[in-house]
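Commentary on secondary and tertiary structure
Residues per chain, in single letters:
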Amino acid sequence: MGGVAASARPLVTRFVYVNGRYLPYSQAAVHAEDRGFQFADAVYEVCEVKGGRLVDETGHMQRLARSLAELRISEPMARGAWSRVLRETIRRNRVTDGIVYLQVSRGAGPRDFLFPPAEARPTVVCLARSVSQRRLEAAADAGIAVKTVPDPRWARCDIKTVMLLPASLAREAARAEGAREAWFVDADGFVTEGAASNAWIVDSAGRLITRAVDNRILRGVTRTTLIDVLKREAIELVERAFTVDEARTAREAFITSATNTVMPVVRIDGRPVGNGAPGILTQRLRSEFHASAELAES
Ligand code: PLP
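Here, residues in each chain are numbered from 1, in the same order as that chain's written sequence. Restriction of local features to residues with pLDDT of at least 70 applies here, the model being predicted, together with a cutoff of 80 or more for giving and counting side-chain atom pairs; totals for whole chains, interfaces and linings are based on all residues. Where side-chain values are given, they derive from all heavy atoms of the structure, hydrogens and water being excluded.

1. Side note on helix α6 (residues 221-233)
Each α-helix turn comprises 3.6 residues. Residues three or four places apart therefore point the same way. End to end, α6 covers 19 Å across 13 residues, agreeing with the expected 18 Å (1.5 Å per residue, within 8%). Downstream of α6 by one or two residues, Ala234 has phi in the positive range, about 55°. Each helix is a run of H or I in the DSSP string that is no shorter than four residues. Each strand is a run of E no shorter than two, and both are numbered from the N terminus. Residue count minus one, scaled by 1.5 Å, sets the expected span of a helix.

This is the structure:
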């Protein structure tokens, strides 16, 4: 790491871990009949790397284990080996502030809807990338816009699969209207979650409201850590679904995810939330987040 100025640190991925080997980015590939590619039969995790520390590794690895178990994909390696792969990928890509991405598919084999034999080996990919903290903080200072879209996803959004086409389409629709995130809305008019984040509002009494976890949303690791912050600070939390109208008239709104931590939402469908600036409570939670998160040497 020594001597590489922050501004000179590459934002690109240089090496990718693929099934036991660290390959140069241009040569990192998986089989054409990988089930992740053909069936979206794969799960993933994204962890934040902050100041050279891995944030909430335990929570992310527990969720990965759960996602694998729900899909009956065998655990490709033990906990200690995952930890080494994450760290070595971060190190080889010289990431101090950014993300590390881990994906596990059921593996490759002749295309068949039925699972391959039990001895088929999962495909494991890990990559890491720096994220410009200047740009991230600029977004947090200004707050982001969100666009609401109908939620067309399957009924097991609690599993972190790579089945991300609805999220990708929603993000594109949001971008077309100058918004950075999309909020999915269920058939009853309630916000489920963001394309890649959990959704929160602050009501007029200063209570935080976020949807209770069920199969319609992902149990965000950032969400879980933030709930610890709220408990410590004795801030009231109501876990229930909220409507788009409630969000539009909320005092504050924000999203949580490993890549954004706590990110203020200042516009929903083109209309300002509160006074149109990042909320005071939201900013406080953003600044306190890492004090509650697990920070491990990377
Ligand atoms: N919901 C969805 C659909 C996501 O894709 C994500 C993260 O990618 C989240 C919520 C937030 O999860 P986490 O806080 O663990 O990053």
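So much for the structure itself; the text now carries on.
2. Brief notes about the environment of Met61
Looking at where Met61 falls in the secondary structure, it is placed in helix α2 (residues 57-71). Burial here depends on accessible area, computed with a 1.4 Å probe over protein chains only, as a share of the maximum for the residue type. Under 20% is buried, over 50% is exposed, and the range in between is partly exposed. For Met61, a relative accessible area of 5% translates into the label buried. Separated by 42 residues in sequence, Met61 and Asn19 place their C-alpha atoms 18 Å apart. Other than its neighbours up to four places away in sequence, Met61 contacts Arg79, Trp82, Leu86 and Leu102. The criterion used for residue contact is that any of the two residues' heavy atoms lie within 4.5 Å.

3. So, the side chain of Ser67
Tracing the backbone shows Ser67 in helix α2. A relative accessible area of 1% places Ser67 in the buried class. Not counting the four nearest positions on each side in its chain, Ser67 is found in contact with Val43, Ile159 and Lys160.

4. Quick look at unusual backbone geometry
Peptide bonds are trans in most cases, and residues, glycine excluded, mostly fall at negative phi. The backbone phi angle of Ala40 is positive, close to 55°, even though this residue is not glycine. Assignment of secondary structure puts Ala40 in the loop between α1 (35-39) and β3 (42-50). Using a relative accessible area of 21% as the deciding quantity, one classes Ala40 as partly exposed. Positive phi, close to 55°, is recorded for Arg72, a residue that is not glycine. On the secondary structure map, Arg72 appears in the loop between α2 and α3 (79-92).

5. Overview of the packing of α2 against α3
Running from N to C, α2 and α3 point in directions that differ by 120°, and their axes come no closer than 12 Å. As far as their axial angle goes, α3 and α2 are oblique. Note that α2 runs across α3; the crossing there is right-handed. In this structure, α2 contributes Glu57, Thr58, Met61 and Leu64 to the contact, and α3 contributes Arg79, Trp82, Ser83, Leu86 and Arg87. The class makeup of the residues in the contact of α2 with α3 is 4 nonpolar, 2 polar and 3 charged. The convention used is that axes are lines fitted to C-alpha atoms, helices contributing only their stretch in contact, and that angles between N-to-C directions extend from 0 to 180 degrees. For classification purposes, angles smaller than 35 degrees are called roughly parallel, those larger than 145 roughly antiparallel, those between 65 and 115 roughly perpendicular, and all remaining angles oblique. Handedness of each helix crossing follows the sense of rotation of the near helix against the far helix: counterclockwise by less than a right angle gives left-handed, clockwise gives right-handed. As a working rule, the residues Ala, Val, Leu, Ile, Met, Phe, Trp, Tyr, Cys and Pro are called nonpolar, Asp, Glu, Lys and Arg charged, and the rest polar, with Gly in that last group.

6. Let's talk about the site of the ligand
Around the ligand, the structure places 18 residues, and the nearest of them are Arg63, Glu193, Val221, Thr222 and Ala258. Here a polar contact is recorded for every N or O atom pair within 3.5 Å, except that within protein the pair must consist of a potential hydrogen donor and a potential acceptor, and residues adjacent in sequence are included only if both atoms are side-chain atoms. One of the backbone nitrogen or oxygen atoms of Val221 is found 2.8 Å away from an oxygen atom of the ligand. Here an oxygen atom of the ligand sits 2.9 Å away from a polar atom, N or O, in the main chain of Ala258. Contact with the protein chains removes 93% of the 390 Å² of surface that the ligand exposes when unbound. Detection works on a 1 Å grid of protein atoms alone, calling trapped sets that fit a 1.4 Å probe cavities and calling open sets with protein on both sides within 12 Å along at least five of seven lines pockets, with lining residues defined by an atom within 4 Å of a point. Throughout, a molecule is located in a cavity or pocket provided that more than half of its atoms lie within 2 Å of its grid points. The site holding the ligand turns out to be the largest pocket. For the shell around the ligand, the secondary-structure elements that each account for two or more residues are α2, β9 (191-194), α6 and β13 (252-257). Its residues assigned to classes, the shell around the ligand shows 6 nonpolar, 8 polar and 4 charged. Being near a molecule or strand, for a residue, comes down to having at least one heavy atom within 4 Å of it. Only the protein chains shown count as cover for residues, and the accessible areas themselves come from Shrake-Rupley with a 1.4 Å probe.

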